[in-house]
Amino acid sequence: MAECVHCGQECGKNPVIFDDKPFCCNGCSMVYQILSDKKMNRYYEMMPTPGIRLDQENTAGTRYAYLDNEEISKPMLEFSDGGISRVKLFIPAIHCSSCIWLLENLHTLHPGIMHSHVNFVRKEVSITFRDQQISLRKLAELLHTIHYIPDFTSSSTSKDDHQKVNRRMIMKIGVAGFAFGNIMLLSFPDYLPGGEAIDRLMAGTFGFVSFLLALPVITYCASDFFLSAWKSMRKGIINIDLPLSIGMAALFLESCYEIFTGIGTGYMDSLAGLLFFMLIGRWYQNRTYQSLSFDRDYRSYFPVAVTLLREGAEEFVQLKDLKPGDEILVRNGELIPVDSLLLEGEGSVDYSFVTGESVPVVKKTGEFLFAGGKQTGAAIRLQVVKEVAQSYLTQLWNEDRLGEDNGRDMQTLVNKVSHYFTLIILAIATGAFVYWAFSDLGKAVYVFASILIVACPCALALTIPFTFGNVMRVFGRNGFYIKNTGVIEHLTKADTVVFDKTGTLTHSRSMNVVWEGDPLSIREQQMVRSVVYNSTHPLSVIVAGWLPVAELLPVDNYREIAGMGIRGEVDGLSILLGSRTFVAGRESGDESRVSTVYLSTGNRLRGFFRLENAYREGLDEVISGLKDFEMHLISGDNDAERETLTKVFGTDKNLHFNQTPHDKLEFIRQLKQNGNKVIMIGDGLNDAGALLKADTGITIADDIYHFSPACDAILRSSEFARLHSFIGFSKLSIRVVYASYGISFLYNLVGLSFAVQGVLSPVVAAILMPLSSVTVVTFASVSVTLLSKFRGLTSGK
């Protein structure tokens, strides 16, 4: 069977032919024609079948009409002046080099587009355009036409603070690196035999220039360390930045003393080098996966604008402008943004992302609809009951946020170690200073500085960023994305794992379908698929996907009744699909809660499609690999699959069904009150409170760049089978940290034994200090890489 030239999907028996090439639908053919007309066929040469198929019902239409409202579109623009505007759009469909090539050649598709640039990692495209020739709405529609649908959400219109922080960090690294290189050049004679013979005037000049170069290092580059140490001291906490700050201050003051008294050139090179490598370590940690959004605001789940009905006319307004009493229109596939009453139409609301229940809920006129559901039928008219800030979805989110307790603010491992390390070093340095001060005050200062320099805990500070940074890199290469290094520490302490069911243990986009009834001929299957293909109901889509692909036949008298079923005629034969009541005219006699779609042809009941959840591959291996953990299942679904899950978990004692989001939150809270260290694994907003309350919240995502609740880690769904391996590797990595600490302590023990005797000069101490850091960093990096290969994890591209 031929594959579509554009997207690679099967074309069926009757493909759409254009230019002697097969296409699966008119949409793919249209994109090919557009690119051919613009002589952009290289799009297909860079990578075979690079395109994305557009759903049949997913046409642009008036979808982007709200962008004509300047109040809505203006905040989205990064720049707009003199008829030229710039916008940055998130496009989840970006996936290959052909995508980059096409999106960076948009100017050939429209003369109003001046320039475009793709950030592949963040799946963003920055477009500069002439707004007199092409509006933001037309630009969005152009992207939609070529199947690169921009994602507009409320959160996407806000500025990304990560960029500012990253730019500031790069600037500090640049300043420290510049100073380090030049000061090292000026200090080079001090490290060579005969360096002491250099002219005193020249040596003094070198020292003064080194002082000038070191000023921005100590005042600008080291500012975060001093600020952190000061804030921690004000709260009665000793963190790793305090000994670092003391060591840097001692190094700077000792150097200033030597330079301005003329007795030496100081240790400004060691100071600049220390800051340079420390900043690189922190940058290495902070830059990890900024393209992923771990902290989600409830606005991330809402549309940018809604359709307001005012005096019979449609008007697009911002979500925040909705007031109680306003009437809004919600179309098929759109999110219900506020708590409201159904005024007109029949609702078929998919609340799976809020409650976890996968079957849509039927709503009649006059019934109350909670925010967060998605309409899956025809358009409905609603009356706003509460503003968005007071709706159920927002209250749920805010309660989830309150679920974050002080356990997340615990001192990290490195701060615990540095607390005692700092006190011990300060005590040793002070004791040595007092001892030597009775005989030689100059020697006392010499010894004090040497101890602080040689015992400077930079190796301790670098251990966590480089060890866990490498672990984060290994995890990222394998589809597991960690928010920060503290998550790895929490994973090592966990003793309880709690799973959600829908979308976590099961596939969120597929189900197992079983036909029970009279055998259907190939012709009958083709006729049934032709009817069901017209419906956008989730169960209809699943049945249509299960039936064999064949040419769609013309359907007459098609009608869809929300909450009941669909009907149509093919070649004069009446076909009904839906509930037993709708198809057979009587209630089902069994009490099964498995989803079923009944079928009748020619007014004769033929049977039904039974739809069951399809569990993720590797589930048995994951449960077996976590056998040492206490495991629970909490699901918003009913207990129709209790028997299946009992076989998986080995017991039904810890299986909990019909759980609301509040129930899940309370369940996690109770476990923590009992002293459990909890990992919560979920996928939807209904899990957000539990994810936040747990010590570690892991989201299973089919698309890692899009639409996941607040969490500590994101696991690509295709890697679910290795979940237990990731947790086990975290426990191994903490041992690498302990070993690195052992090396660091051994180094400090040897160095201190010489420093307290006054036989270790600050110069030698300054040389040994970065050497210990390099040793620890190398050990940590190599150990993680070797362990990852031993555990079957990919450590590089």
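Definitions and limits used
- Residues numbered from 1 in each chain as written.
- Predicted model: local features only at pLDDT ≥ 70, side-chain atom pairs only at ≥ 80, totals over all residues.
- Heavy atoms only, no water.
- Helix = DSSP H or I, 4+ residues; strand = E, 2+ residues; numbered from the N terminus.
- Buried < 20%, exposed > 50% of the residue type's maximum accessible area, 1.4 Å probe, protein only.
- Contact = heavy atoms within 4.5 Å.
- Areas by Shrake-Rupley, 256 points an atom, 1.4 Å probe, with all protein chains shown as cover.
- Core = buried A, V, L, I, M, F, W, Y, C linked by side-chain atoms within 4.5 Å.
- Salt bridge = Lys/Arg side-chain N within 4 Å of Asp/Glu carboxyl O.
- Pairing = 2+ DSSP bridges.
- Axes fitted to C-alpha atoms, helices over the stretch in contact; angles between N-to-C directions.
- Parallel < 35°, antiparallel > 145°, perpendicular 65-115°, else oblique.
- Nonpolar A, V, L, I, M, F, W, Y, C, P; charged D, E, K, R; others polar.
- Phe/Tyr/Trp six-rings, centres within 6.5 Å; stacked < 30°, edge-to-face > 60°.
- Lys NZ or Arg CZ within 6 Å of the ring centre and 35° of its normal.
- pLDDT = per-residue confidence, 0-100.
- Patch = residues over 30% accessible without salt bridge, like charges linked within 9 Å, V, L, I, M, F, W, Y side chains within 5 Å.

### Details of the overall build of the protein chain
- Looking only at helices and strands, the protein chain has 25 helices and 28 strands in total.
- Out of the 797 residues belonging to the protein chain, those deemed buried represent 51%.
- Excluding contacts between residues fewer than 6 apart, the proportion of contacts in the protein chain whose partners are at least 24 apart in sequence is 68%.
- Looking at the protein chain as shown, the accessible area adds up to about 35,900 Å², and 55% of this sits on carbon and sulfur atoms.

### A short note on the nonpolar core
- Residues F480, I482, F499, L505, F649, I698 and L723 are the most contacted members of the largest nonpolar core, which totals 45 residues.
- The greatest single-element share of this core, amounting to eight residues, is contributed by helix α24 (residues 723-755).
- When near neighbours in sequence (up to four residues on either side) are disregarded, L505 contacts F499, D500, A614, Y615, R616, L619, L633, L645, F649 and F720.

### Thoughts on the pattern of salt bridges
- A full pass over the atoms with the stated rule returns 20 salt bridges.
- With its nearest N and O atoms 3.6 Å apart, the salt bridge here joins R606 to D518. On the criterion of sequence distance, the pair formed by R606 in strand β23 (residues 604-615) and D518 in the loop between β18 (506-517) and α17 (522-532) is long-range, its members being 88 residues apart.
- Residue classification places R606 among the buried positions, given a relative accessible area of 5%.
- Notably, a salt bridge pairs K672 with D695, separated by 3.6 Å at the nearest N-O pair.

### Here we look at the sheet that holds strand β16 (residues 480-482)
- Spatially, seven strands are ordered β16-β28-β27-β26-β17-β24-β25 in an open sheet, and the strand pairing comes out mixed. A strand with exactly one partner marks an edge of an open sheet, and here the two such strands are β16 and β25 (655-656).
- Pairing analysis gives four bridges linking strand β26 (residues 678-682) to strand β27 (residues 696-701), with the strands arranged parallel. Note on β27: the bridge partner recorded for I679 is T696.
- Along the sheet, helix α22 (residues 661-673) makes contact with β17 (496-499), β24 (630-634), β25 and β26, crossing β24 at roughly 165 degrees.

### What about the packing of helix α16 (residues 485-493) against α24?
- Look at α16 against α24: their axes get within 8 Å of each other, and the N-to-C directions meet at 105 degrees. With respect to their mutual orientation, α16 and α24 come out roughly perpendicular. The residues of α24 that touch α16, namely those facing I488, L491, T492 and K493, are I727, S730, K731, S733 and I734.
- Considered class by class, the residues forming the contact of α16 with α24 number four nonpolar, three polar and two charged.

### Some details on the sheet that holds strand β11 (residues 347-350)
- The three strands lie next to each other as β12-β11-β14, forming an open sheet whose pairing is antiparallel. Because the sheet does not close on itself, it has two edges, and the strands there are β12 (361-363) and β14 (374-375).
- By the bridge criterion, three bridges tie β11 to β12 in an arrangement that is antiparallel. From the neighbouring strand, G347 faces β12, where its bridge partner is K363.

### Here's the deal with the packing of aromatic side chains
- Within this structure, the stated rule accounts for 16 aromatic pairs.
- Look at F475 and F726: their rings are 5.3 Å apart centre to centre, the planes differ by 80 degrees, and that puts the pair in the edge-to-face class. Here the residue F475 occupies a position in helix α15 (residues 458-477), and F726 occupies one in helix α24, the gap between them amounting to 251 residues. Here the two residues F475 and F726 agree in accessibility, since each one is buried.
- Stacked on the ring of Y220, the Lys or Arg K172 has its end atom at 5.4 Å from the ring centre.

### With respect to the pairing of strand β22 (residues 595-601)
- Burial analysis of β22 places six of its seven residues in the buried class, the great majority of the element.
- Pairing geometry for strand β21 (residues 573-578) and β22, over four bridges, is antiparallel. In the strand pairing of β22, L577 is matched with L599.
- The pairing of β22 with β23 spans seven bridges and is classified as antiparallel. The partner of T596 across the bridge, within β23, is R610.
- Between β22 and β23, which follow one another and run antiparallel, lie two residues, and G602 among them has a positive phi close to 60 degrees.

### A few points about the confidence of the model for the protein chain
- When pLDDT is averaged across the protein chain, the result is 77; 76% of the residues are at 70 or more.
- Across residues 154-159, where pLDDT falls below 50, the model places twelve contacts with residues more than four positions away in sequence or in other chains.
- Every residue in residues 288-298 is under pLDDT 50, and counting partners more than four places away or in other chains gives 43 contacts.

### Some details on the side chain of S210
- By the secondary structure assignment, S210 is in helix α7 (residues 200-221).
- Its relative accessible area of 3% is what places S210 among the buried residues.
- Excluding residues within four positions of it along the chain, S210 makes contact with I183, L186 and M268.

### With respect to the environment of I100
- Within the fold, I100 resides in helix α4 (residues 97-103).
- The class for I100 is partly exposed, based on a relative accessible area of 24%.
- Counting along the chain gives 23 residues from I100 to K123, while the straight-line C-alpha distance between them is 9.7 Å.
- Not counting residues within four places of it along the chain, the set of residues in contact with I100 comprises V118 and F120.

### Describing a nonpolar patch on the surface
- Taken together, L746, L749, V750, F754 and V759 make up a surface patch of nonpolar side chains, about 510 Å² in accessible area.
- On the secondary structure map, V750 appears in helix α24.
- Here V750 falls in the partly exposed class, since its relative accessible area comes to 43%.

### A short note on the pairing of strand β7 (residues 305-310)
- Strand direction decides the pairing type here: β7 and strand β8 (residues 313-318), joined by six bridges, are antiparallel. When the sheet's bridge partners are listed, L308 is paired in β8 with E315.
- A loop of two residues connects β7 with β8, the two strands running antiparallel in sequence, and E311 in this loop sits at a positive phi of about 55 degrees.
- Here three bridges tie β7 to strand β9 (residues 327-330), and the two strands are oriented antiparallel to one another. Residue pairing across strands places L308 opposite I328, the latter belonging to β9.

### Section: unusual backbone geometry
- Its identity is not glycine, yet D571 carries a phi of approximately 55 degrees, on the positive side.
- The residue D571 is located in the loop between β20 (565-570) and β21 in this model.
- Judged by relative accessible area, which is 58%, D571 ranks as exposed.

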